[in-house]
Amino acid sequence: MIYLFSKNGLRFLESVCFARTLFAFDFDGTLSKIVKDPEDAKIHRSTVKLLQKLGEISPVAVISGRGLSDLKEKFNPPPGFLVGNHGLEGIHSGDQKLETFRDSCEKWKRYLTQALTGKNGSLEGIEIEDKVYSIAVHYRKSRTKKQAKSMILDALSELTPSARIILGKCVVNIVPTGAPHKGIALLELMLKSDTKSALYIGDDDTDEDVFALSDPRLFTIRVGKKSVSQAKFYLERQAEVSILLEKILTFLEGETKEKRGALREAHRSS
């Protein structure tokens, strides 16, 4: 992995800004800090302004594991495309499989509530989040996180129908088998926005569906260096995302000025 703000990293970033690019972002841990209660997650005002400004110049997308209705509440107005449930919601609204996915999630929630409830009738720091088309089991509030994670994974071994399990930061995501993922959503948004390349930035294992795509049109960035990640570049911490937005805007605005100057020269010569 290459540090994005190194000399080589900035050269690559500048080059992708000269193409018609879709700029796509994960939400939690990327646009917003990871917090104890997911409901409290929010984007800093300065980041929102930068994102809105970018959306006025180039196509922008937020592709999150959050449910789409939850994601919409975080933006007013949205900076561009919003895609929820790890790529399942926001593009495939008319997909007949959604009803099947929803039924599976209802069944999983009933089973997990029973399987993870202790003898005292409490989930003991474990929270089951129903996102309609996927389930997130959080254990950040548990006092014994290793034990909580082990309990969750043991319970998931008995899950029916079978599901795709994606581990996150103190969360286990349960996604219907065969559901679109973030990588598929990004490629579909490129078609929808008529872009030639895409920059995507995320921070955990759910974003590896994008990082793992062997597509030369993709410029992938991970928040936090991780040796096993397939992202090409990394940022050291979440606070650098705002700096990244500023860099992108600087490159894009510089390109716009050059084009205007070229047009003026062309008019003078004609």
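How each quantity is defined
Residues numbered from 1 in each chain as written. Predicted model: local features only at pLDDT ≥ 70, side-chain atom pairs only at ≥ 80, totals over all residues. Heavy atoms only, no water. Helix = DSSP H or I, 4+ residues; strand = E, 2+ residues; numbered from the N terminus. Rg over C-alpha atoms; globule rule 2.2 N^0.38 Å. Buried < 20%, exposed > 50% of the residue type's maximum accessible area, 1.4 Å probe, protein only. Areas by Shrake-Rupley, 256 points an atom, 1.4 Å probe, with all protein chains shown as cover. Lys, Arg positive; Asp, Glu negative; His and termini not counted. Charge placed at Lys NZ, Arg CZ, Asp CG, Glu CD. Pairing = 2+ DSSP bridges. Contact = heavy atoms within 4.5 Å. Axes fitted to C-alpha atoms, helices over the stretch in contact; angles between N-to-C directions. Parallel < 35°, antiparallel > 145°, perpendicular 65-115°, else oblique. Left-handed = near helix turned anticlockwise from the far one by under 90°. Nonpolar A, V, L, I, M, F, W, Y, C, P; charged D, E, K, R; others polar. Expected span 1.5 Å × (residues − 1). Arc of directions from axis to C-beta. Phe/Tyr/Trp six-rings, centres within 6.5 Å; stacked < 30°, edge-to-face > 60°.

### Describing the overall build of the protein chain
Helix and strand counts for the protein chain stand at eight helices and eleven strands. Taken against the 2.2 N^0.38 rule, which gives 18 Å for 270 residues, the C-alpha radius of gyration of the protein chain at 20 Å falls within 12% of a compact globule. C-alpha atoms of the protein chain, sized along the principal axes, occupy 80 × 40 × 35 Å. Looking at the 270 residues of the protein chain, the share that counts as buried comes to 47%. Of the accessible surface of the protein chain, which amounts to about 14100 Å², a share of 50% is contributed by carbon and sulfur atoms. Across the protein chain, 42 positive and 36 negative side-chain charges occur, with their mean positions spaced 4 Å apart.

### Quick notes on the pairing of strand 10 (residues 218-223)
The buried fraction of strand 10 is high, at six of six residues. With burial as the criterion, each face of strand 10 is covered, one bearing Leu218, Thr220 and Arg222 and the other bearing Phe219, Ile221 and Val223. The pairing of strand 9 (residues 197-202) with strand 10 spans five bridges and is parallel. Counted as the bridge partner of Ile201 is Ile221 from strand 10.

### Description of the environment of Ala41
Within the element layout of this structure, Ala41 appears in the loop between strand 2 (21-25) and helix 2 (45-57). Judged by its relative accessible area of 2%, Ala41 is buried. Along the primary structure Ala41 and Phe27 are separated by 14 residues, whereas in three dimensions their C-alpha atoms are 9.1 Å apart. Once residues lying within four places of it in the same chain are set aside, the contact partners of Ala41 are Phe27, Asp28, Ser32, Lys33, Val35, Arg66 and Lys74.

### Thoughts on the sheet that holds strand 7 (residues 163-168)
With respect to topology, four strands assemble into an open sheet ordered 5-6-8-7, the strand pairing being antiparallel. Edge positions in the sheet fall to strand 5 (127-130) and strand 7, since each has one partner strand and no second. Each strand of the sheet is rotated relative to its neighbour by a mean of 20°, with strand direction disregarded. The pairing of strand 6 (residues 135-138) with strand 8 (residues 171-176) spans four bridges and is classified as antiparallel. The residue of strand 8 that forms the bridge with Val137 is Val172. Against the sheet, helix 4 (residues 97-116) contacts strand 5, strand 6, strand 7 and strand 8, and its axis sits at roughly 25° relative to strand 6. Sheet strands in contact with helix 5 (residues 145-156) are strand 6, strand 7 and strand 8, and its direction is about 15° off that of strand 8.

### Quick word on the packing of helix 4 against helix 5
Viewed as axis vectors pointing N to C, helix 4 and helix 5 meet at an angle of 130°, and their least axial separation amounts to 10 Å. Relative to helix 5, the element helix 4 lies oblique. When you trace helix 4 past helix 5, the crossing you get is right-handed. Contact residues: Tyr111, Leu112, Ala115 and Leu116 in helix 4; Met151, Ile152, Ala155 and Leu156 in helix 5. Of the residues assigned to the contact of helix 4 with helix 5, the class counts are eight nonpolar, no polar and no charged.

### Structural notes on helix 6 (residues 182-193)
For helix 6, with twelve residues, the first-to-last C-alpha span of 16 Å sits near the 16 Å given by 1.5 Å per residue. Those residues of helix 6 that sit buried are Lys182, Gly183, Ala185, Leu186, Leu189, Met190 and Ser193. Here the buried residues of helix 6 occupy an arc of 160° about the axis, which is enough to place them on one side. Residues of helix 6 that are exposed and angled more than 90 degrees away from the buried face: Leu191 and Lys192. Here the buried face of helix 6 lies against strand 2, strand 3 (60-63), strand 4 (81-83), strand 9, helix 7 (208-211) and strand 10. Backbone geometry just downstream of helix 6 places Asp194 in the positive-phi region, at approximately 55°.

### Quick look at helix 1 (residues 7-17)
Looking only at helix 1, the buried set comprises Gly9, Leu13, Val16 and Cys17. The buried residues of helix 1 all sit within an arc of 105° when viewed along its axis, so they share a single face.

### Re the packing of aromatic side chains
This structure, assessed with the given rule, holds six aromatic pairs. When the ring of Phe219 is compared with that of Phe233, the centres are 4.6 Å apart and the planes differ by 20°; the resulting orientation is stacked. On the criterion of sequence distance, the pair formed by Phe219 in strand 10 and Phe233 in strand 11 (residues 233-235) is long-range, its members being 14 residues apart. With a relative accessible area of 6%, Phe219 lands in the buried category. Through successive ring pairs, a cluster of aromatic residues spans Tyr3, Phe5 and Tyr234.

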